[in-house]
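# Descriptive structure summary
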Amino acid sequence: MANGTAAPRCAALIGPYLSGKTTLLEALLHAAGGTSRRGSVRDGNSVGDHTPEARARQMSTETNVASANFLGDPWTILDCPGSVELLYEAQGALLASDVAVVVVEPEAERALTISPLLRFLDRHKIPHMIFINKMDTANARVRDVLAALQSVSERPLVLRQVPLRGPDSEITGYVDLVSERAYRYRPGQPSDLIQLPDNFWDEERSTRTNLIEKLADFDDALLEQLLEDIEPPKEEIYRHLTRTLSEVQVMPVFVGSALADWGVRRLWKALRHETPSPQVTAERFGVATEGEPLAQVIKTYNLPHTGKLSLARVWRGTISEGMVLNGTRVAGLLRLTGAQQEKIPSVHAGEIVGLTRMEDIQTGAVLTPSGKAEPFVRPERPQPVFGLAIHSERRQDDVKLTGAIGRLIEEDPTIELEQNADTQEMVLWGQGDIHLQIALDRLRNRNNLAVSGKSAATPYKESIRHGAQQHSRFKRQSGGHGQFADVTVEVKSLPRGSGFTFTDSVVGGAIPRNYIPAVEEGVVEALRRGPLGFPVIDVAVNLITGQFHSVDSSDQAFHTAGRQAVQEALPKCEPILLEPIDLVEISVPNAFTARVQRLVSGRRGQILGYDAKPDWPGWDVVSAHMPQSELHDLIVELRSLTLGVGSFAHHFDHMQEMTGRPMEKVLAMRSAEAAQ
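Here we summarise the structure given alongside this text.

Cut-offs used in this document
Residues numbered from 1 in each chain as written. Predicted model: local features only at pLDDT ≥ 70, side-chain atom pairs only at ≥ 80, totals over all residues. Heavy atoms only, no water. Helix = DSSP H or I, 4+ residues; strand = E, 2+ residues; numbered from the N terminus. Buried < 20%, exposed > 50% of the residue type's maximum accessible area, 1.4 Å probe, protein only. Contact = heavy atoms within 4.5 Å. 1 Å grid on protein atoms, 1.4 Å probe; cavity = no way out; pocket = protein on both sides within 12 Å on 5 of 7 lines; lining within 4 Å. Points joined across faces, edges and corners; volume = space filled by probe spheres on them. Nonpolar A, V, L, I, M, F, W, Y, C, P; charged D, E, K, R; others polar. Polar contact = N/O pair within 3.5 Å; in protein donor to acceptor, adjacent residues only side chain to side chain. Pairing = 2+ DSSP bridges. Axes fitted to C-alpha atoms, helices over the stretch in contact; angles between N-to-C directions. Core = buried A, V, L, I, M, F, W, Y, C linked by side-chain atoms within 4.5 Å. Parallel < 35°, antiparallel > 145°, perpendicular 65-115°, else oblique. Left-handed = near helix turned anticlockwise from the far one by under 90°. Patch = residues over 30% accessible without salt bridge, like charges linked within 9 Å, V, L, I, M, F, W, Y side chains within 5 Å. Areas by Shrake-Rupley, 256 points an atom, 1.4 Å probe, with all protein chains shown as cover. Salt bridge = Lys/Arg side-chain N within 4 Å of Asp/Glu carboxyl O. Lys, Arg positive; Asp, Glu negative; His and termini not counted. Charge placed at Lys NZ, Arg CZ, Asp CG, Glu CD.

The next point concerns the overall build of the protein chain. Of the regular secondary structure elements, the protein chain holds 17 helices and 34 strands. If one aligns the C-alpha atoms of the protein chain with their principal axes, the spans along those axes are about 110 × 60 × 45 Å. Across the 676 residues in the protein chain, those meeting the buried criterion constitute 55%. A separation threshold of at least 6 residues defines the contact pool for the protein chain, and within that pool the share at least 24 residues apart is 73%.

Below you can see the structure in the form of structure tokens.
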């Protein structure tokens, strides 16, 4: 039964990488008559994945937007990237959608990969359904896949269709468990209604009964009917399915194949009849139904020819070209379908639109004519876990690179730029190697920049084991006034984490007070690069005494003498190499906890313990101290061990002495760099 509204609705296609979301988008658009021919990801002519970065990888690298009409109802479909490294972008699209279609492969062992997605959907109460894709090549039984999916879902799953198999066990169609009708697939066309196979209900009656029983868990009247052995009318079952989807109580499961065009029209009909209206979605997010027009920016694009484009969903009222929102004039309105842009005069509540040249508007902004923003939920921005030191290959591009990175971060807030003072590197941080390689490709493709990236250097430091006293004299005579300064300093080690202190105990005017700051500046300069080639920390330097010349002494002379004194003293103090240690918290399903502990130990980490992850049943958090040098590609191996679902958070904890072969390797690398 339809929800009785023709307001524009929005569906997000989400799911793991390679589950077939973009292919499903093509199938949905073709079934709705939005395209005359179906594109192909493999052939590089799909509506989605139209950017050079996406086509080079044959994967979604950002949210694709498509507009469609199905049986007179207007829709926007958001095809979200499936890579776990681009999860934040998918989450932003979900928070602008009325319903999510979780696309999965028919492989029970991969069910765990959607666990974080399902938790996000449940936490934000976003209605969602599952589409088990690629049934034309499936080897697993649907019941086994369903059981695996149920093991990672807090919501009960209700199977809506049962596949029909031919004489050779190949899938030929399906039975709709609510209508009790059988259909034969016809690729590119609506399925044929056929007669139910003999004895079908002998095997599948319990499957249909299970569907109704799960609905009855959320409705006392339906439960009473079951207890009295009353068969509820089909229209009533559909009504319960619509209500429980809207209230995020159950998760319906459909089957099909986007590539073979199986079950696509049935999925369309379920979306049309059961997806809540945008008004219901707005109320769920706390948006009042009455008031001035209101929209939220869910994504920012910086396009080569269009310029800045703010993708926004209108939650209330009508927005027209030329309207002023948050103090910025709307230059134009665009309806998007992949790379195609259609200019339109106005948009209404429920629609998703591109707003052009809103230069001062950022992703997440809530737009109103008055500028009074209502609070909106945004996904929590994850901590960066992978860094690349980048530089422009052409010196003249340095300034241009900085501006391009600013626009890149505007599009993707999970990217961060760090100017590391210790390593003198420009470090781009993100969610993984794929994430940052996509970012570098965008810099190249959109800005014609030649950019290179390499692993970011670890900010090693050095300190000393014991102290020493050192005398240094700087004297230079070259005609006229010369240069003269004489100092004696004492260098001592400090407890770890103390930093640097400078004192003086000069008495009797051995060094005039006005020269002492210059000595300190020279000391600080010497500590920037110690005998091992790294900044020196946790030391105290005391200026004991010295001499000066009434004519030849100067600030520069005492600066040089102070620097020389410390440079000569440090090698006598038994220098030691220090490496930064981070406190790391790794979140994984408990089936992988033992593997993660071995991973940590293999990377010179010290395991502090592990506990159950709060509000994440079946997950653990492993805590450890780990060297920063071992964190550069930790996320790559962690995801490989955990089907892509493992993650970690980290922050600097302390500096620790480095010894043995790891120390020798670092010093050898530093010596090689110095020799170049």
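What follows concerns the layout of surface pockets. Empty space among the atoms becomes visible once a probe the size of a water molecule is rolled across them. In this structure, the second largest pocket spans a volume of roughly 870 Å³. As for the second largest pocket, its lining consists of 30 residues, and the residues nearest its centre are Ala 457, Thr 458, Tyr 460, Met 669 and Glu 673. Those elements giving two or more residues to the lining of the second largest pocket turn out to be β22 (386–392), β24 (425–430), β25 (451–455) and α17 (660–675). Top contributing element to the lining of the second largest pocket by residue count: α17, with seven residues. Classifying every residue of the lining of the second largest pocket gives 14 nonpolar, seven polar and nine charged.

With that settled, consider empty space enclosed by the protein. Going through the model one piece at a time under the given rule, you end up with two cavities of 30 Å³ or more. Approximately 110 Å³ is the volume attributed to the largest cavity. The wall of the largest cavity is formed by 14 residues, among which Glu 89, Ile 298, Lys 299, Thr 363 and Arg 378 lie closest to the centre. Of all the secondary-structure elements, those providing two or more residues to the lining of the largest cavity are α3 (87–94) and β12 (294–303). With four residues, the single largest contributor to the lining of the largest cavity is α3. A breakdown of the residues in the lining of the largest cavity according to their chemical character gives six nonpolar, three polar and five charged. Its boundaries defined by the atoms lining it, the second largest cavity holds a volume of some 80 Å³. Around the second largest cavity, the lining residues are Pro 16, Ser 19, Val 104, Glu 105, Glu 107, Arg 110, Ala 111, Thr 113, Ile 114, Val 145 and Leu 149.

A few words on helix α7 (residues 220–227). Its side-chain oxygen 3.1 Å from the backbone nitrogen of Ala 221, Asp 219 forms the N-cap of α7. Directly after α7, the chain includes Asp 229, whose backbone phi takes a positive value near 55°.

Turning our eyes to something else, we now look at the pairing of strand β7 (residues 161–165). Within β7, four of the five residues are buried, which leaves it mostly tucked inside the rest of the structure. As paired strands, β7 and strand β8 (residues 171–176) are joined by five bridges and run antiparallel to one another. Across the sheet, Gln 161 pairs through a bridge with Asp 176, a residue of β8. Counted along the chain from β7 to the antiparallel partner β8, the turn is five residues long, and its residue Ser 169 has a positive phi close to 70°.

A word on the sheet that holds strand β10 (residues 189–194). Read from one edge of the open sheet, four strands run β7-β8-β9-β10, paired in antiparallel fashion. Only two strands of the sheet have a single partner each, and these edge strands are β7 and β10. Each strand axis lies, on average, 35° off the axis of its neighbour in the sheet, ignoring direction. Relative to β10, strand β9 (residues 181–186) runs antiparallel, the two being bridged by four bridges. Paired with Arg 186 across the strands is Gln 189, a residue of β10.

Moving on to the nonpolar core. Judged by nonpolar contacts, the single largest core of 110 residues is most densely connected at Ile 14, Ile 130, Ile 132, Leu 149 and Ile 586. With six residues, the top contributor of residues to this core is helix α6 (residues 200–216). In contact with Ile 586, other than residues within four places in its own chain, are Val 596, Val 600, Asp 620, Val 621, Val 622, Leu 638, Ser 647 and Phe 648. Membership of the second largest hydrophobic core comes to 30 residues, among which are Val 489, Ile 511, Val 523 and Ala 561.

This part is about the sheet that holds strand β29 (residues 500–504). Strand order in the open sheet formed by four strands is β27-β28-β30-β29, and the pairing between neighbours is mixed. A single partner strand is all that each edge strand has here, and the edge strands are β27 (468–476) and β29. Across the sheet, the mean angle from the axis of one strand to that of its neighbour is 25°, orientation sign disregarded. Where strand β28 (residues 483–493) and strand β30 (residues 539–547) come together, eight bridges link them in antiparallel fashion. Residue pairing across strands places Val 487 opposite Gly 546, the latter belonging to β30. Helix α13 (residues 516–527) contacts β28, β29 and β30 of the sheet and is inclined by roughly 150° relative to β29.

Looking now at the packing of helix α11 (residues 398–411) against helix α12 (residues 433–447). Helix packing geometry: the angle between the two helix axes and the distance between the axes. Across the interface, α11 lies against α12 with an axial gap of 10 Å and an inter-helix angle of 120°. Comparing the axis directions of α11 and α12 gives the class oblique. The way α11 lies across α12 gives a crossing that is right-handed. Between α11, through Lys 400, Leu 401, Ala 404, Ile 405, Arg 407, Leu 408 and Glu 411, and α12, the contact on the second element is made entirely by Ala 439, Arg 442, Leu 443, Arg 446 and Asn 447. For the contact of α11 with α12, the per-class residue count stands at six nonpolar, one polar and five charged.

For the rest of this paragraph, the subject is the environment of Phe 474. Inspection of the secondary structure puts Phe 474 in strand β27. Taking the relative accessible area as the measure of exposure, Phe 474 reaches 10% and is therefore buried. With residues near it in sequence (within four places) discarded, Phe 474 still touches Gln 483, Phe 484, Ala 485, Ala 557, Thr 560, Ala 561 and Gln 564.

A cluster of acidic side chains, namely Asp 220, Glu 224, Glu 228 and Asp 229, defines a negative patch on the protein surface. Accessibility expressed as a relative area gives 46% for Glu 224, which makes it partly exposed.

Taken as a whole and judged by the stated rule, the model has 46 salt bridges. Residue Arg 160 pairs with Glu 274 through a salt bridge whose shortest N-O separation is 2.9 Å. Here Arg 160 is found in the loop between β6 (157–159) and β7, whereas its partner Glu 274 is found in helix α9 (residues 264–274), with 114 residues between them in sequence. Among the ionic pairs, Asp 261 bridges to Arg 265, the shortest N-O distance being 3.2 Å. In this structure, Asp 261 and Arg 265 share a single accessibility class: buried. A network of salt bridges, in which partner residues are shared, links Glu 53, Glu 62, Glu 89, Lys 299, Glu 411, Arg 442 and Arg 446.

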